[in-house]
Amino acid sequence: MRPTVSQLRAWSPQSFADAGSAASGVAESLDAGIDTAVRAFDSASSWSGDTHDAAHQVIWAEHDHAGEIRNVLHMVADEATDAGADLDHARDFALGVVRGAENLGFTVFDDGTVTHPDAGLGGQATLLAASVSDALDTVDILDERYGERLEGFAADLASMSTGQPDVRLPGGTASDADAAVRLLETLTPTQVRDVVEQMSPADVRRLMQANPHVIGNLPGVPFAIRAQANEINIRNALADEVEAGRGQGRRARTLRGLLDPLPEPSAEASRRGDDGLVERTFITFVNTPRGRMVEMIGSLRSDTTNTATYVPGTGTTLDTVVGRNRTAATELASRTGGPVFLYLDGDLPPDLRAAASTSFAAAMAHRLELFGSELDAEIARHAPAATTTYIGHSYGGSVVGSAEQLGLSPDRVVYASSAGTGIYATPHPAGVERYSLTFPGDPIHYVQSFPGNPHGHDPDTAPGVIRLDTGTVDVTGRPVDENGRTVDGNGRTVDGGLVTHGAYWNDPESTAFQNMVKVITGADPDLYVPRRPDVPELPPPLGAPAPLWWLYLFNDRADGDIDLPGPVPDIPLRLPW
């Protein structure tokens, strides 16, 4: 409702936040309690017979029921926490406008009307009244939005007193929610989307509550629904960490961070009194040891003209991608005006030694190709004029190129300091604009030109790929730690070398970053200008990782042999793959 000024003064949005914390605590206690009961039952190894079987059936039915209630409580916790934060900000803003007017000698009435004894200030009084009215409208909008959602969750809880109610499938067929989820798993992505979009919002919520893991990660489920389900999945993963005694561990800290709202980089101007923060949107989330997730940074709107998908490289995990990788993706979204999908749906190699293997690319490429089809469907529904650009950095370039070979059909591809153009022998699809970005002196050149490189062609020289200029990059404050914070203050600008393999992602004003923005938005990027040799004749610097020294010694400098230092003759080399 739209409150009066006196009513707003009496409001206590903190009560929403307190209710959210209470709901989260109850969810965790319920989860721990039913798990304890299941473990106790399973430990009774000497018990068997009909009674045991009947009890087993009952306790697992209650386990399923308790899990559904826990999931609703997590949804309540999420909405109540957001309601508390948003309404508290809107309330403070509105009352701040009122206080400001009163401090200037104006009288603010309970309905928001503003007057002043000096008739000459009538125009200013009218403007102040409009500001108060706008602020009260924002409170009203937020109150209605969160009130409707919380009422829906309350109804869900009430309906689950004796079990999860059935859902209605297209055609009017009633089905148990768990059975409906299992049915969806047997369908194609197109069929899944068709079924889900015909279901009522209440029934879709019941699907999420029955099995958020499946609904949050199932191809064909619309992105907005997957994001809601993955909020539950993140809260469940956090509860598991707490229950396991790792509540202050690194993964728990990461998960808490995923639940924090952040500014929307491509959003239109927010209403007066709106804090401009939005919940993060996870299209995929699986709490594996290294973590899997796809985050949409920004939003798809009817006027969106471009999207980008960014696949990072070696060493990236759920616990590290939320640092500087996300910062770079957010900057891309802000500068291109379209959403950027930070893609980590699979394990990337943990180190350079593991990066020699193509198995990581093979596993991720299949998922990326399927994700591309899902993104195309979302674009067709919400932003039909939007283009797609896929950017693979380092090992991520091999993932992107391999996904193309499996059927991914983007508008544009950028191989950013990429290990290669794809691990398969099949051709890339036609009609795609392809670009490469590799600084001279970047050690990835040793991999790109290695004879028989299992990650495919050298992107800088591959047919149909246009090499873009890398120019210079500011490495002030580099290196950075795993969370993107600078750890020294030595500033310098460079045009090549070891640091340039990833430094341009941290410098949005660099030539390379600006070229990525141009590619995404369809502008003309700057073509490559040679400034120094790609592969220096001098060996890597002292202290460089051992794999770089091996690559240096065995690198073929594009002439098909092993280059040996000093007077030792080079050895012709032909590898079998």
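Counting restarts for each chain: residues are numbered from 1 in the order of the written sequence. Given that the model is predicted, a residue must reach a pLDDT of at least 70 before its local features are reported, and side-chain atom pairs must reach 80 or more before they are shown or counted; all residues, however, enter totals for whole chains, interfaces and linings. Heavy atoms throughout the structure, all of them, feed into the side-chain values; hydrogens and water do not.

**Some thoughts on the overall build of the chain**
Across its full length, the chain holds 16 helices and 18 strands. Classification of residues uses two cut-offs on accessible area relative to the type maximum, computed with a 1.4 Å probe and protein chains only: under 20% is buried, over 50% is exposed, and between them is partly exposed. Buried positions account for 50% of the 577 residues belonging to the chain. Within the chain, contacts between residues separated by at least 24 positions form 68% of all contacts whose residues are at least 6 apart in sequence. The way it works is that DSSP assigns letters per residue, a run of H or I at least four long becomes a helix, a run of E at least two long becomes a strand, and they are numbered from the N terminus. We call two residues in contact whenever any of their non-hydrogen atoms come within 4.5 Å of each other.

**Some thoughts on the sheet that holds strand S7 (residues 281-286)**
Note on pairing: DSSP must find at least two bridges between two strands before they are called paired. Across the sheet, eight strands lie side by side as S7-S8-S10-S9-S11-S12-S13-S14; this open sheet has mixed pairing. Unpaired on one side and paired on the other, S7 and strand S14 (465-467) mark the two borders of the sheet. For this sheet the average axis-to-axis angle between neighbouring strands, irrespective of direction, equals 15 degrees. Fitted lines through C-alpha atoms give the axes, limited to the stretch in contact for helices. The angle between two N-to-C directions lies from 0 to 180 degrees.

**Observations concerning helix H11 (residues 318-336)**
What is called the bend at a residue is the angle between a pair of axes, fitted to the seven residues leading up to and ending at it and to the seven starting from it. The sharpest bend along H11 reaches about 45 degrees and sits at Asn325. Within H11 the residues assigned to the buried category are Leu318, Asp319, Thr320, Val321, Gly323, Asn325, Arg326, Ala328, Ala329, Leu332, Ala333 and Thr336. Gly337 sits one or two residues past H11 and shows a positive phi near 75 degrees.

**Side note on unusual backbone geometry**
In this structure, Ser394 takes a positive phi of about 60 degrees despite not being glycine. Relative to the assigned elements, Ser394 resides in the loop between strand S11 (387-393) and helix H13 (395-406). Positive phi, normally seen in glycine, also occurs at Ser417, with a value near 50 degrees. Note on placement: Ser417 falls in the loop between strand S12 (412-416) and strand S13 (433-437).

**Considerations on the nonpolar core**
Judged by nonpolar contacts, the single largest core of 72 residues is most densely connected at Leu332, Leu368, Phe371, Trp505 and Met516. Take this core: its biggest share by element is seven residues, from helix H12 (residues 359-382). The contact partners of Trp505, leaving out residues within four places of it in the chain, are Tyr310, Ala328, Leu332, Ile391, His393, Ala416, Phe513 and Met516. The set of buried Ala, Val, Leu, Ile, Met, Phe, Trp, Tyr and Cys residues whose side-chain atoms join them within 4.5 Å is what this entry labels a nonpolar core.

**Here's the deal with helix H6 (residues 189-198)**
Those residues of H6 not exposed but buried are Val192, Arg193, Val195 and Val196. Along the axis of H6, the buried positions cluster into a sector of 170 degrees, meaning they face one direction only. Looking at the packing, one finds that the buried side of H6 touches helix H5 (177-185), helix H7 (201-210), helix H9 (223-243) and H12. Each direction from the helix axis to a C-beta atom contributes to the arc, which is the arc of those directions.

**Description of the confidence of the model for the chain**
Mean pLDDT for the chain: 87, with 86% of residues reaching 70 or above. Scored below 50 in pLDDT, residues 480-489 makes 22 contacts in the model with residues more than four places away or belonging to other chains. pLDDT is a per-residue confidence score from the predictor, ranging from 0 to 100. Across residues 556-577, where pLDDT falls below 50, the model places 42 contacts with residues more than four positions away in sequence or in other chains.

**Some thoughts on the side chain of Ser418**
If you trace the backbone, Ser418 turns up in the loop between S12 and S13. Ser418 has contacts with Gly392, Ser394, Gly397, Ser398, Ile444, Gln448 and Pro459, leaving out every residue within four places of it along the chain.

**Here we look at the pattern of salt bridges**
Oppositely charged side chains are able to pair whenever their charged atoms sit close together. By definition, a salt bridge exists where a carboxyl oxygen of Asp or Glu is found within 4 Å of a side-chain nitrogen of Lys or Arg. Enumeration over the complete set of coordinates arrives at 26 salt bridges. Between Arg193 and Glu374 there is a salt bridge, with its nearest N and O atoms 3.9 Å apart. One end of the pair, Arg193, is in helix H6; the other, Glu374, is in helix H12, with 181 residues separating them in the sequence. Across the pair, Glu374 and Arg193 agree in class, each one buried. Across the pair Arg335 and Glu509 runs a salt bridge, and its minimum N-O distance is 2.6 Å. A residue pair is termed long-range when its members are at least 10 positions apart, and Arg335 in helix H11 and Glu509 in the loop between strand S16 (493-494) and helix H15 (511-521) qualify at 174 residues. On the basis of relative accessibility, which here comes to 54%, the residue Glu509 falls in the exposed class. Residues participating in the shared-partner salt-bridge network are Arg193, Glu197, Glu374, Glu378 and Arg381.

**Things to note about the side chain of Asp178**
Summarising the element assignment, Asp178 is placed in helix H5. Arg182 is the oppositely charged side chain nearest to the buried, salt-bridge-free Asp178, at an N-O distance of 5.3 Å. When sequence neighbours within four positions are dropped, the list of residues in contact with Asp178 reads Asp64, Glu68 and Ala210. His is not counted, nor are the chain ends; Lys and Arg add positive charge and Asp and Glu add negative charge.

**Examining the packing of aromatic side chains**
The rule is short: rings of Phe, Tyr and Trp, with Trp giving its six-membered ring, pair when the centres are within 6.5 Å, and they are stacked under 30 degrees, edge-to-face over 60, tilted in between. Per the stated rule, a full pass over the model turns up eight aromatic pairs. Ring geometry for Phe439 versus Tyr504: centroids 5.7 Å apart, planes at 35 degrees, classification tilted. Of this pair, Phe439 sits in the loop between S13 and helix H14 (444-448) while Tyr504 sits in the loop between S16 and H15, placing them 65 residues apart in sequence. For Tyr504, a relative accessible area of 0% puts it in the buried group. In textbook terms, an aromatic cluster arises when at least three aromatic residues are bridged by ring pairs, as seen for Phe223, Phe341, Tyr343 and Phe371. Lysine NZ or arginine CZ positioned within 6 Å of the ring centre and within 35 degrees of the ring normal marks a charge as sitting over the ring. For Arg467, the ring lying beneath its charged end belongs to Tyr528, and the centroid distance is 3.7 Å.

**Things to note about the packing of helix H10 (residues 250-258) against H11**
Relative orientation of the contacting elements H10 and H11 amounts to 50 degrees, with a least axis distance of 9 Å. By the angle between their directions, the pair H10 and H11 is classed as oblique. Our pair here, H10 against H11, has a crossing hand that is left-handed. Contact residues: Arg250, Arg251, Thr254 and Leu258 in H10; Leu318, Asp319, Thr320 and Val322 in H11. Broken down by class, the residue content of the contact of H10 with H11 amounts to three nonpolar, two polar and three charged. Throughout, the term roughly parallel applies to angles under 35 degrees, roughly antiparallel to angles over 145, roughly perpendicular to angles from 65 to 115, and oblique to all others. With the far helix as reference, a near helix turned anticlockwise by less than a right angle produces a left-handed crossing, and one turned clockwise produces a right-handed crossing. Any residue outside Ala, Val, Leu, Ile, Met, Phe, Trp, Tyr, Cys, Pro, Asp, Glu, Lys and Arg is labelled polar, Gly included; the first ten of those are nonpolar and the last four are charged.

**Things to note about the environment of Gln198**
Inspection of the secondary structure puts Gln198 in helix H6. Sequence-wise, Gln198 and Leu169 are 29 residues apart; in three dimensions their C-alpha atoms are separated by 7.8 Å. Under the rule applied, a polar contact is a pair of N or O atoms within 3.5 Å (in protein, one hydrogen donor and one hydrogen acceptor; residues adjacent in sequence only if both atoms are side-chain atoms). A distance of 3.1 Å separates polar atoms of two side chains, one belonging to Gln198 and the other to Asp194.

**Topic: the packing of H6 against H12**
Working note: a packed helix pair is described by the angle between its axes plus the distance between those axes. Look at H6 against H12: their axes get within 11 Å of each other, and the N-to-C directions meet at 40 degrees. One way to sum up the angle between H6 and H12 is to call them oblique. Crossing angle aside, the handedness with which H6 passes H12 is right-handed. Contact with H6, carried on its side by Pro189, Arg193 and Glu197, involves Leu370, Glu374, Ala377, Glu378 and Arg381 of H12 and no other residues of that element.

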